[in-house]
Amino acid sequence: MREAPVVIKKLTEVNLLNLLEHADIGVVIHTKDTAVVYANPTALRLLRLSFSQMIGKDALDPQWQFIDEHHLPLPLDEYPVYRVLNHEQPLHNQVLGLVDGHHNDVTWFSVSGYYEGDKNTNDGFIVISFVDITDKKIQFSFEDIVQNTQDIVIVTEADNINRPFGPKIVYVNPAFEKLTGYKAEEVIGETPRILQGQDTDKETLIRIRTALEQQTPCSEVILNYAKDGRPYWLDINIIPLTNRFGEVTHFAAIERDITSRIHFEKAMKQRNNELNTLKKDLQKLVEEKTEALRQTNLKLHRIAHEDSLTGIPNRMSFMMQAEQQLARAKRGSLTIGVAILDVDYFKRINDTFGHDVGDKALQFLTHTMRNSLRQEDVIGRLGGEEFAICILSSSDQLLVDSLNRLREEIRTRSEELEFGSISVSIGLNSSQGKEAPDLKQMIKNADLALYQAKDQGRNRVCHYDENLSY
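The rules behind each value
- Residues numbered from 1 in each chain as written.
- Predicted model: local features only at pLDDT ≥ 70, side-chain atom pairs only at ≥ 80, totals over all residues.
- Heavy atoms only, no water.
- Helix = DSSP H or I, 4+ residues; strand = E, 2+ residues; numbered from the N terminus.
- Rg over C-alpha atoms; globule rule 2.2 N^0.38 Å.
- Buried < 20%, exposed > 50% of the residue type's maximum accessible area, 1.4 Å probe, protein only.
- Contact = heavy atoms within 4.5 Å.
- Areas by Shrake-Rupley, 256 points an atom, 1.4 Å probe, with all protein chains shown as cover.
- Lys, Arg positive; Asp, Glu negative; His and termini not counted.
- Charge placed at Lys NZ, Arg CZ, Asp CG, Glu CD.
- Expected span 1.5 Å × (residues − 1).
- Polar contact = N/O pair within 3.5 Å; in protein donor to acceptor, adjacent residues only side chain to side chain.
- Axes fitted to C-alpha atoms, helices over the stretch in contact; angles between N-to-C directions.
- Parallel < 35°, antiparallel > 145°, perpendicular 65-115°, else oblique.
- Nonpolar A, V, L, I, M, F, W, Y, C, P; charged D, E, K, R; others polar.
- Core = buried A, V, L, I, M, F, W, Y, C linked by side-chain atoms within 4.5 Å.
- Pairing = 2+ DSSP bridges.
- Patch = residues over 30% accessible without salt bridge, like charges linked within 9 Å, V, L, I, M, F, W, Y side chains within 5 Å.
- Salt bridge = Lys/Arg side-chain N within 4 Å of Asp/Glu carboxyl O.

Participant: Whenever I open this one, the overall build of the protein confuses me. Can you help?
Facilitator: Scanning the protein from N- to C-terminus turns up 16 helices and 17 strands. A compact globule built from 470 residues should have a C-alpha radius of gyration of about 23 Å, whereas the protein, at 57 Å, is more than 25% larger. Its C-alpha atoms give the protein principal-axis dimensions of roughly 170 × 60 × 35 Å. Looking at the protein as a whole, 41% of its 470 residues qualify as buried. Partitioning the contacts of the protein with sequence separation of at least 6, the portion at a separation of at least 24 is 53%. For the protein, the exposed area adds up to about 27500 Å²; of that, 52% sits on carbon and sulfur atoms. Averaging the locations of the 54 positively and 69 negatively charged side chains of the protein gives two centres separated by 8 Å.

Structural data, given as structure tokens:
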């Protein structure tokens, strides 16, 4: 086994330049001012540059363009040579992409570096080594996905978000160009505010601005305008992009055109409003028709059951209500009385004052009957000047007393009317409920008592059973 000092001595005799020339890794040596003083053949091949294109160039040369893992331009202080200079520490396995002016493809490298020499003098060098990891890095092309997606993609810088300059656009995909009508070169360096208009919701913009200031994701629906002024709606999701140190350097906005959906929703809302209005109109119409039908039914009911002149039950309605009174009398063993009332000498009123005054006399009579009798007593007009009354009571005498009071009130209250005092004759038939004949018979008996009252001089009540006047 060889001794270690002997091996080390042999290694020092190895030609370092020959080693670099045949190495499979790229090696570039910079002076302290970042100028390139050496690049081995592998570096030239990987960078797709000639020796004359490489030597003497510095990190600020325009043909050098590095990007980070998000495909965003690499800040100058993130260049490998500057990281070694600024941090004064070796660099290990920084992943970055290289784009030159002659190729569209990105070459991905894993880069390391260190400072060689005395840092306090200008004699030192920065040695940068790198290997091609493109095959490992790009198993599939994210750029192809972004370039061909139907969604709109916009990338902006994360600094200078304040008006009027920022945030500046650094990338848009073809879907953006297709929707907005702007070419990429027209908007790179501009702010997304050029897409906004007077109808863009201010509250939405405030929420987006707040999210940008706080460097947090946000989702909004926003109205923007194309180059030709055409409005369109976007469902927009904004996410912050960070570098390897966790610092937010850019914002990516993934946007979907939802103009058709918004228009559909507005059309549906308008349609629903129209349907609601139509529904209300129909409901109102139904209510109006229902009320009109109810009023018609009430009118028909009045026509069928009420006397048109006096408003009290007609013959048919009186018979129905009197039958109910008769049934109650039989159930409760009450006295039931059926009376027929007739205006004395009514023809004279018509002949002297006219039929209009005669009608007023009948209306006065009806009004007096309603006020004099109880609410539960049934009254009706049988025809002409003839009326019927059905009363429940506890005795015959109370029935007679009630009818006499009515008769007297009609006579005395009518004295002040234009047609003068009128009187009535009343025929009464009463019976105990259980012994009462049918209603038609009671009306017939009351009618016979009425004729007796007229024969005895009118203006009186005659009871059928007693055949006497009171």
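Participant: Explain helix H11 (residues 259-305) here, please?
Facilitator: Residues lying three or four places apart along an α-helix face the same way, a consequence of the helix completing one turn every 3.6 residues. Across its 47 residues, H11 extends 67 Å between first and last C-alpha, which sits within 8% of the 69 Å expected from 1.5 Å per residue. What H11 keeps buried is the set Thr259, Ile262 and His305.

Participant: Is there a simple way to think about the side chain of Gln325 in this case?
Facilitator: Residue position: Gln325 is located in helix H12 (residues 315-332). Note on Gln325: relative accessible area 3%, which makes it buried. A distance of 3.1 Å separates a polar atom in the side chain of Gln325 from the backbone oxygen of Glu376. Ignoring sequence-local partners within four residues, the contact set of Gln325 consists of Ile336, Glu376, Asp377, Val378, Cys390 and Leu392.

Participant: Help me out: how do you make sense of helix H16 (residues 439-455) in this one?
Facilitator: Taking 1.5 Å of rise per residue, 17 residues should cover 24 Å, and H16 covers 24 Å from first to last C-alpha, within 8% of that figure. Turning to H16, its buried residues are Leu439, Met442, Ile443, Asn445, Ala446, Ala449, Leu450, Gln452, Ala453 and Lys454. Of the residues that open H16, the one with a side-chain oxygen 3.3 Å from the backbone nitrogen of Lys440 is Asp438. Downstream of H16 by a residue or two, Gly457 has a phi angle that is positive, lying close to 115 degrees.

Participant: What am I meant to see in the packing of H12 against H16 here?
Facilitator: Angle between the axes and distance between the axes: these two values describe a pair of packed helices. Contact geometry for H12 and H16: axes closest at 10 Å, N-to-C directions at 105 degrees. Comparing their axes, H16 and H12 come out roughly perpendicular. Seen from H12, the contacting residues are Phe318, Met319, Ala322, Glu323 and Leu326; seen from H16, they are Leu439, Lys440, Met442 and Ile443. Class assignment for the residues of the contact of H12 with H16 results in seven nonpolar, no polar and two charged.

Participant: When you look at the nonpolar core in this model, what are you seeing that I'm missing?
Facilitator: Counting 28 residues, the largest nonpolar core has Leu341, Leu365, Ile389, Leu403 and Ile410 as the members making the most contacts within it. Sorting the residues of this core by element identifies strand E12 (335-343), helix H13 (346-353), helix H14 (355-372), strand E14 (386-393), helix H15 (396-413) and strand E15 (424-432) as the ones contributing at least two each. At six residues, H14 tops the list of elements feeding residues into this core. If sequence neighbours within four positions are ignored, Leu365 has contacts with Leu341, Val343, Phe387, Ile410 and Val424.

Participant: In this structure, what is going on with the sheet that holds strand E4 (residues 91-98)? I would like to understand it.
Facilitator: Pairing between the strands of a sheet is mediated by backbone hydrogen bonds and can be parallel or antiparallel. Pairing within the open sheet is antiparallel, and its six strands lie in the order E2-E1-E6-E5-E4-E3. Two strands in the sheet have a free side with no partner beyond their single neighbour: strand E2 (36-39) and strand E3 (66-67). Alignment of strand E1 (residues 26-31) against strand E6 (residues 125-132), held across six bridges, turns out to be antiparallel. Paired with Val28 across the two strands is Ile128, which belongs to E6.

Participant: Is there a simple way to explain the environment of His263 in this structure?
Facilitator: Secondary-structure assignment places His263 in helix H11. Under the relative-accessibility criterion, His263 is labelled partly exposed at 47%. When the C-alpha positions of His263 and Gly384 are compared, they lie 74 Å apart, and in sequence the two are 121 residues distant.

Participant: Can you help me understand unusual backbone geometry in this one?
Facilitator: Among all residues save glycine, negative phi is the norm, and among peptide bonds the norm is trans. Residue Gln215 is not a glycine yet carries a positive backbone phi of 55 degrees. Along the chain, Gln215 falls in the loop between helix H10 (202-214) and strand E9 (218-225). Phi is positive for Ser333, close to 55 degrees, though the residue is something other than glycine. Checked against the element boundaries, Ser333 lands in the loop between H12 and E12.

Participant: Is there a simple way to think about the side chain of Thr107 in this case?
Facilitator: Here Thr107 shows up in strand E5 (residues 107-116). Here Arg48 takes part through its side chain, which lies 2.9 Å from a polar atom of the side chain of Thr107.

Participant: Explain a nonpolar patch on the surface here, please?
Facilitator: A cluster of nonpolar side chains, namely Leu275, Leu278, Leu282 and Leu285, defines an oily patch on the protein surface of about 340 Å² accessible area. Topologically, Leu282 is positioned in helix H11. Using a relative accessible area of 46% as the deciding quantity, one classes Leu282 as partly exposed.

Participant: I keep staring at the pairing of E6 and nothing clicks. Help me out?
Facilitator: The side chains of a regular strand alternate between the sheet's two faces. Relative to E6, E5 runs antiparallel, the two being bridged by eight bridges. Residue Phe109 lies in a different strand from E6, and its bridge partner there is Asp132.

Participant: Would you mind showing me how to read the sheet that holds strand E11 (residues 248-257) here?
Facilitator: The five strands are arranged E8-E7-E11-E10-E9 in an open sheet whose pairing can be described as antiparallel. Looking along the sheet, the strands with just one partner apiece sit at the ends: strand E8 (169-172) and E9. Adjacent strand axes in the sheet meet at a mean angle of 30 degrees, parallel and antiparallel pairs treated alike. One ladder, built from nine bridges, connects strand E10 (residues 231-242) with E11; its direction is antiparallel. Counted as the bridge partner of Asn237 is Ile254 from E11.

Interpretation in functional terms is not warranted from these geometric data alone.
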